[in-house]
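# Fold and geometry: a report
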Amino acid sequence: MPIPAPFVSRAMDIEKDWIDYNGHLNMAYYNVLFDRCSDEAFERMGMGLDYVKQRRLTIYTAEVHVCYIQELHLDHKVNVSFQLLDHDDKRLRAYQEIRHVDGWLAATSESLSLHVDMSGPKVAPFPADVLAKVEAMRATHAALPMPERAGRSIGIRRKTLEPHSDRR
């Protein structure tokens, strides 16, 4: 089966219990949507529920950066994409987008995940068969442009005064 570039999840509904007192999707549930898509992509790379149960190996999230672009509401349906940006023998760097089914961008996420041996738990190399699938997805996704929002950092941009300004 060919590897989609980027991987795109099945269409997902916003659940009633996820709506906060402001009337839109609570920030925590954006991560649930990203996670559900990641689970689908990990399954595609051979790291689904059976992998965890049979081999006692799994994926842990080490770091995530989420940008909230546009509010989601109860009646919205979304798709989530997963682009594998990089990997080594124990880690995955991925970029994801939540898009309304009409195409507009709701949120982005960039994550660093660790491959973990549950017997420790401890970070461990991917087995050869799984690493081959990771490498295949990365090779397919390498043809995609680097997402503009990937690699962002958090900070407060300050306006600087011109050197000869009289403003204090």
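In this report, the structure presented in the accompanying data block is examined. Here the structure is a predicted model, which is why all the values come from computation and not from measurement.

What counts and what doesn't
- Residues numbered from 1 in each chain as written.
- Predicted model: local features only at pLDDT ≥ 70, side-chain atom pairs only at ≥ 80, totals over all residues.
- Heavy atoms only, no water.
- Patch = residues over 30% accessible without salt bridge, like charges linked within 9 Å, V, L, I, M, F, W, Y side chains within 5 Å.
- Areas by Shrake-Rupley, 256 points an atom, 1.4 Å probe, with all protein chains shown as cover.
- Salt bridge = Lys/Arg side-chain N within 4 Å of Asp/Glu carboxyl O.
- Lys, Arg positive; Asp, Glu negative; His and termini not counted.
- Charge placed at Lys NZ, Arg CZ, Asp CG, Glu CD.
- Helix = DSSP H or I, 4+ residues; strand = E, 2+ residues; numbered from the N terminus.
- Buried < 20%, exposed > 50% of the residue type's maximum accessible area, 1.4 Å probe, protein only.
- Pairing = 2+ DSSP bridges.
- Core = buried A, V, L, I, M, F, W, Y, C linked by side-chain atoms within 4.5 Å.
- Contact = heavy atoms within 4.5 Å.
- Phe/Tyr/Trp six-rings, centres within 6.5 Å; stacked < 30°, edge-to-face > 60°.

## Side note on a negative patch on the surface
Taken together, the side chains of D35, D39, E43 and D50 present a region of like negative charge at the surface. A per-element tally of the negative patch places helix α1 (residues 27-44) first, with 3 residues. In this structure, E43 sits in helix α1.

## Considerations on the pairing of strand β6 (residues 105-117)
Counting buried positions along β6 gives 11 out of 13 residues, so the element sits mostly inside the fold. Summarising the sheet, strand β3 (residues 57-68) and β6 pair through 11 bridges and their orientation is antiparallel. Bridge pairing in β6 links T58 to V116. Two elements, strand β5 (residues 91-100) and β6, share 9 bridges in a ladder whose sense is antiparallel. Within β6, the position partnered with R93 by the bridge is L112. Here β5 folds back onto β6 in antiparallel fashion, the turn holding 4 residues, of which G103 has a positive phi close to 110 degrees. Bridging between β6 and strand β7 (residues 122-123) involves 2 bridges; their strand directions are antiparallel. Residue pairing across strands places V116 opposite V123, the latter belonging to β7. In textbook terms, the turn of a hairpin is the stretch between consecutive antiparallel strands, and for β6 and β7 this stretch comprises 4 residues.

## Considering unusual backbone geometry
For residues that are not glycine, phi is negative in most cases, and the peptide bond is trans in most cases. Cis geometry is found at the peptide bond from A5 to P6, where omega equals -10 degrees. A cis amide bond, omega -15 degrees, links G120 with the succeeding residue P121. Looking at the element boundaries, P121 is found in the loop between β6 and β7. Unusually for a residue other than glycine, R56 sits at a positive phi of about 60 degrees. Judged by relative accessible area, which is 45%, R56 ranks as partly exposed.

## Side note on the nonpolar core
Core analysis: the biggest nonpolar cluster contains 32 residues, and L33, M45, M47, L72, F82, L92 and I98 have the highest contact counts within it. Contributions of two or more residues to this core are made by α1, β3, β4 (77-87), β5, β6 and α3 (128-141). Considering every element that reaches this core, the biggest residue donor is α1, with 6 residues. Non-local contacts of M45, meaning those with residues more than four positions away in its chain, are made with F82, L84, V130, K133, V134 and M137.

## Description of the packing of aromatic side chains
Two numbers describe a pair of aromatic rings. These are the distance of the centres and the angle of the planes. On inspection of all chains with the given rule, the structure shows 3 aromatic pairs. Taking the centre distance of 5.1 Å and the plane angle of 10 degrees together, the rings of W18 and Y29 count as stacked. In this pair, W18 sits in the loop between β2 (12-13) and α1 while Y29 sits in helix α1, placing the two residues 11 residues apart along the sequence. Given the relative accessible area of 5%, W18 is considered buried. A relative accessible area of 26% means that Y29 is categorised as partly exposed. Note on Y30 and Y68: the rings are 5.0 Å apart at their centroids and 85 degrees apart in plane angle, and the pair reads as edge-to-face.

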